[in-house]
Amino acid sequence: MSLKLAEPVLNADFYARPVVDVARGLIGCTLMHRGTGGVIVETEAYHQSESACHAFRGPTPRARTLFAAPGTAYVYFSYGVHSLLNAVAEPDGVGAAVLIRALVPTHGINEMLQRRGRDRHRDLCSGPGKLTQALAIGLDLNESVLTGGPLAIHEPAADAARYEIVSTPRIGISNAVDLPWRFYAEGVEHVSRAR
DNA sequence: CATGGGATTGACT
DNA sequence: GTCAATCCCATGC
């Protein structure tokens, strides 16, 4: 298996756009970390202007990363159990990011199955905490660059399937529940399931 | 400094 | 359907 994908890594210009556009644009792209990865099929947008975003109260120690340069990885720890991965968007100084919520596993599947301790493909990366476990993405990668580091997101292949993108309210939040800022690829089995 | 909650998941009733 | 796990960090005194 090759270590690198043929498709180019998304650059800072891709991320330096309105966060909702970036969230839609990331559907179909491939997230890779050291030989493991998959195609992004579910995302959510967060922006400092709305109260569900960690950046809503300004650049606190945790939220500081959200204000970093576009294409920075924002990784934080949730429920004392899971790391969650976001891609920082919008120009430098604006607090906004896209939460990566689900992948179709494509690379290093055996390794990911081992890390997850389960044998069902469908459960490998079908949630924000699952995919970080499968790809071994931890807090050490917070503030790392997605545009030229071990963690990277690649453009879709030219012959990749074109997904129909559906938008819904975001999952698991108690503020700004009305905004339809969750995006997923319609009909894909690896999208996170409603509880 | 003490306290409370959370962009979740898996196990169990 | 219900609940515990488990820790970072935001908030308030």
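Since this is a predicted model, take the numbers as computed values, not measurements.

**Student:** What is the right way to read the pairing of strand S2 (residues 36-47) from this model?
**Tutor:** With twelve of its twelve residues buried, S2 lies for the most part within the structure. Sheet analysis places strand S1 (residues 30-33) next to S2, joined by four bridges and oriented antiparallel. By the bridge assignment, Met32 is partnered in S2 with Gly37. With antiparallel pairing between neighbouring strands as the criterion, S1 and S2 make up a hairpin whose turn holds two residues, including Arg34 at a positive phi of roughly 50°. Bridging between S2 and strand S8 (residues 182-185) involves three bridges; their strand directions are antiparallel. Looking at S8, one finds that Thr43 is bridged to Phe183.

**Student:** Explain unusual backbone geometry here, please?
**Tutor:** It is generally the case that most residues other than glycine have a negative phi and that most peptide bonds are trans. Of note, the phi angle at Glu90 is positive, near 65°, even though the residue is not glycine. Relative accessible area serves as the criterion here: at 13%, Glu90 is assigned to the buried category. The residue Ala176 is not glycine, and still its phi comes out positive at about 50°.

**Student:** Just checking my understanding: could you explain the protein's contact with DNA strand C for this structure?
**Tutor:** Lining the immediate environment of DNA strand C, one finds Arg57, Thr60, Pro61, Arg62, Ala63, Phe77, Tyr79, Gly80 and Val81. Here, DNA strand C places atoms within 4 Å of the protein, and 75% of those atoms are sugar or phosphate. Residue Arg57 places a side-chain N or O atom 2.9 Å away from a phosphate oxygen belonging to DNA strand C. Gly80 is positioned with one of its backbone polar atoms (N or O) 3.2 Å from a sugar or linking oxygen of DNA strand C. A per-class count over the surface near DNA strand C returns five nonpolar, two polar and two charged.

**Student:** Help me understand the side chain of Thr132 in this model?
**Tutor:** Residue placement: Thr132 occurs in helix H4 (residues 128-134). By relative accessible area, which is 3% here, Thr132 ends up buried. Of note is the side chain of Thr132, whose polar atom sits 3.5 Å from the backbone oxygen of Pro128. Ignoring sequence-local partners within four residues, the contact set of Thr132 consists of Ser83, Leu84, Leu85 and Ile137.

**Student:** Explain the pattern of salt bridges here, please?
**Tutor:** Opposite charge on two side chains makes pairing possible when the charged atoms of those side chains draw close. According to the stated counting rule, one finds eight salt bridges in the structure shown. A salt bridge links Glu44 to Arg101; the nearest nitrogen and oxygen atoms lie 3.7 Å apart. Of this pair, Glu44 sits in strand S2 while Arg101 is found in strand S5 (residues 96-107), placing the two residues 57 residues apart along the sequence. Glu50 serves as the salt-bridge partner of Arg170, at 3.0 Å between the closest nitrogen and oxygen.

Cut-offs applied
- Residues numbered from 1 in each chain as written.
- Chains lettered and ligands numbered in written order.
- Predicted model: local features only at pLDDT ≥ 70, side-chain atom pairs only at ≥ 80, totals over all residues.
- Heavy atoms only, no water.
- Buried < 20%, exposed > 50% of the residue type's maximum accessible area, 1.4 Å probe, protein only.
- Helix = DSSP H or I, 4+ residues; strand = E, 2+ residues; numbered from the N terminus.
- Pairing = 2+ DSSP bridges.
- Near = heavy atom within 4 Å.
- Polar contact = N/O pair within 3.5 Å; in protein donor to acceptor, adjacent residues only side chain to side chain.
- Nonpolar A, V, L, I, M, F, W, Y, C, P; charged D, E, K, R; others polar.
- Contact = heavy atoms within 4.5 Å.
- Salt bridge = Lys/Arg side-chain N within 4 Å of Asp/Glu carboxyl O.

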